[in-house]
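As a plain string of letters, each chain reads:
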Amino acid sequence: MRIAVTGAAGSLGGRVVQLLADRADVDVVAMTRRRLPAETFGPQVEVAVADYADPAALRAALKGVDTLVFVSSDGPDARVLLHHRNVVAAAAAERVGHVAALSSVDADTASPFCYAVVNGLTEDLLLASGVPCSFARASLYIEFFQGWLTEARATGLLRLPAADGRVSLVARDDVAHALAALAVGEPTGRHHDITGPESVDVAGIASITAEAWATPVAYVDIPADTYCAETAATGLDPWWLYAFSSMFASVREQRWDRVRDDYTQLTGRSPLALRDVLSAHR
């Protein structure tokens, strides 16, 4: 089986490449936006330079591919959606037999979160393309959220506009295992929610952090406009300020309050808990 993976230079895509390359029955094509050092992947991995913005390169990389693991692009939402249209069109043109696509638990065009809208539209594009597909709808990554937790470790306060929103944070490595499992299976034609083992509010996340890191951390719920003003003052790019603030708006709407056993059904493994990941990075 020949499996291509987009975003192979990133943390998630790179891990999926590693997991698939360990299988004797899979030939892996690592699709990257730019040429990487030869030692990045093992000799058993073929590297194809194919930017999301280059339809011809995408088609060339997908020639003869049985399955595509479609890891999302990044950046402003309009650009991401254009990139995703290019990938879907290339997969359809090259008659790829299965697309195992990364999506999100909150994949919904009605969501306030910009990337949830993109994920919902991308799922629609794939379903309309006629290419057999499966979707790994991931919850928010522990490693992503850890940026705020690390700041809170220094100050003792986790200041976020999340109200009482609950989130089932998931380890990025578990998402990679789920995508790899979907890739080597038959298309399911549906989504699979990849979540952590528990859903807790941000006050609970702060409590778990304090225990795992043996450091006082308390959650302070702040208004959305206060968060925007304080974050803008740090010099964060306006796009990412919008992306983060719209994400917290979706958290406040309880769009990430979901725990499912899809991950265990796909992989036979139990998902890592927030406490496990934080304790490993004390």
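The structure contained in this document is the topic of the report that follows. (Residues numbered from 1 in each chain as written. Predicted model: local features only at pLDDT ≥ 70, side-chain atom pairs only at ≥ 80, totals over all residues. Heavy atoms only, no water.)

Quick notes on unusual backbone geometry
Note the threshold: A run of DSSP states H or I qualifies as a helix once it reaches four residues; a run of E qualifies as a strand once it reaches two. Both are numbered from the N-terminal end. Burial classes follow relative accessibility: with a 1.4 Å probe on protein chains only, a residue under 20% of its type's maximum area counts as buried, one over 50% as exposed, and anything between as partly exposed.
For Ala-214, which is not a glycine, the phi torsion comes out positive at approximately 50°. If you trace the backbone, Ala-214 turns up in the loop between helix H7 (202-213) and strand S11 (218-221). What makes Ala-214 exposed here is its relative accessible area of 58%. Located in the positive-phi region is Gln-254, a residue other than glycine, with phi close to 65°. Given a relative accessible area of 29%, Gln-254 falls into the partly exposed group.

Focus on the pattern of salt bridges
Operational definition: For this analysis, a salt bridge means a side-chain nitrogen from Lys or Arg found within 4 Å of a carboxyl oxygen belonging to Asp or Glu.
Taken as a whole, this structure holds 14 salt bridges when the rule is applied. For Arg-255, the salt bridge identified is with Asp-108, shortest N-O distance 3.0 Å. One end of the pair, Arg-255, is in the loop between helix H9 (238-252) and helix H10 (262-267); the other, Asp-108, is in the loop between strand S5 (98-104) and helix H4 (114-129), with 147 residues separating them in the sequence. Assessed through its relative accessible area of 18%, Arg-255 is described here as buried. Note on Asp-108: relative accessible area 28%, which makes it partly exposed. Glu-230 is the partner of Arg-159 in a salt bridge, and the nearest nitrogen-oxygen pair spans 2.5 Å. Taken as a pair, Arg-159 in strand S7 (residues 157-160) and Glu-230 in helix H8 (residues 224-232) lie far apart in primary sequence, 71 residues in all. Linked by salt bridges that have partners in common, Asp-106, Asp-108, Glu-253 and Arg-255 make up one network.

Some words on the pairing of S5
How we decide: Strand pairing is defined by DSSP finding a minimum of two bridges between the two strands. Seen with the strands pointing away from the viewer, any crossover whose path from the first strand over the helix to the second strand runs clockwise is right-handed.
Within S5, seven of the seven residues are buried, which leaves the element mostly enclosed by the surrounding structure. Side chains His-98, Ala-100, Leu-102 and Ser-104 of S5 all project onto a buried face; the interleaved residues Val-99, Ala-101 and Ser-103 project onto the opposite face, where all are buried too. In terms of strand pairing, strand S4 (residues 67-70) meets S5 through four bridges, oriented parallel. Residue pairing in the sheet places Thr-67 in a bridge with His-98 of S5. Tracing the backbone out of S4, into helix H3 (residues 77-93) and back to the parallel element S5 gives a crossover that is right-handed. Two elements, S5 and strand S6 (residues 133-138), share six bridges in a ladder whose sense is parallel. When the sheet's bridge partners are listed, Ala-100 is paired in S6 with Ser-134. Note on the crossover from S5 through H4 to S6: the handedness is right-handed.

What about the state of the cysteines?
Rule in force here: Disulfide assignment relies on a single distance test, namely cysteine sulfur atoms paired within 2.5 Å.
As enumerated under the stated definition, the model contains zero disulfides in all. This cysteine, Cys-114, is not joined by any disulfide, and Cys-228 carries the nearest cysteine sulfur, 12 Å off.

Structural notes on the sheet that holds S4
To keep it simple, the criterion reads: To get an axis, a line is fitted to the C-alpha atoms, and for a helix only the part in contact is used. The angle between two axes follows their N-to-C directions and goes from 0 to 180 degrees. We call two residues in contact when some of their heavy atoms are within 4.5 Å.
In spatial order, the strands read S3-S2-S1-S4-S5-S6-S9; together these seven strands make up an open sheet with parallel pairing. Each end of this open sheet is capped by a strand with a single partner; those strands are strand S3 (45-49) and strand S9 (191-194). Across the sheet, the mean angle separating the axes of adjacent strands is 20° when strand polarity is ignored. Here five bridges tie strand S2 (residues 27-32) to S3, and the two strands are oriented parallel to one another. Bridge pairing in S3 links Ala-30 to Val-47. Against the sheet, helix H2 (residues 55-62) makes contact with strand S1 (2-5), S2, S3 and S4, and its axis sits at roughly 170° relative to S2, the strand it touches most.

Digging into helix H1 (residues 11-21)
A large share of H1 lies buried, amounting to eight of its eleven residues. Among all positions in H1, only Leu-12, Gly-13, Gly-14, Val-16, Val-17, Leu-19, Leu-20 and Ala-21 are buried. Summarising the contacts, the buried residues of H1 are in contact with S1, S2, S3, S4, S5 and helix H6 (172-183).

Examining the environment of Ala-212
With respect to the helices and strands, Ala-212 occurs in helix H7. Since its relative accessible area comes to 5%, Ala-212 is described here as buried.

Considering the packing of aromatic side chains
The geometry of an aromatic ring pair is captured by two quantities: the separation of the ring centres and the angle between the planes. Here is the rule: When two rings of Phe, Tyr or Trp (its six-membered ring) have centres within 6.5 Å they constitute a pair, described as stacked for plane angles under 30 degrees, edge-to-face for angles over 60, and tilted for the intermediate range.
Using the criterion set out here, one finds 13 aromatic pairs in the structure. Note on Phe-144 and Phe-244: the rings are 5.8 Å apart at their centroids and 55° apart in plane angle, and the pair reads as tilted. Of this pair, Phe-144 sits in helix H5 (residues 142-155) while Phe-244 sits in helix H9, placing them 100 residues apart in sequence. Residue Phe-144 is classed as partly exposed on the basis of its relative accessible area, which comes to 29%.

Observations concerning the side chain of Glu-123
Our working definition: Whenever two N or O atoms come within 3.5 Å, that pair is a polar contact, provided that in protein one can donate a hydrogen and the other can accept it, and provided that, for residues adjacent in sequence, both atoms are side-chain atoms.
For Glu-123, the position within the fold is in helix H4. Assessed through its relative accessible area of 7%, Glu-123 is described here as buried. A polar contact of 2.6 Å, which involves the side chain of Glu-123, links it to the side chain of Ser-103. With residues up to four places along the chain from it excluded, the contact list for Glu-123 reads Ser-103, Ala-107, Phe-135 and Arg-137.

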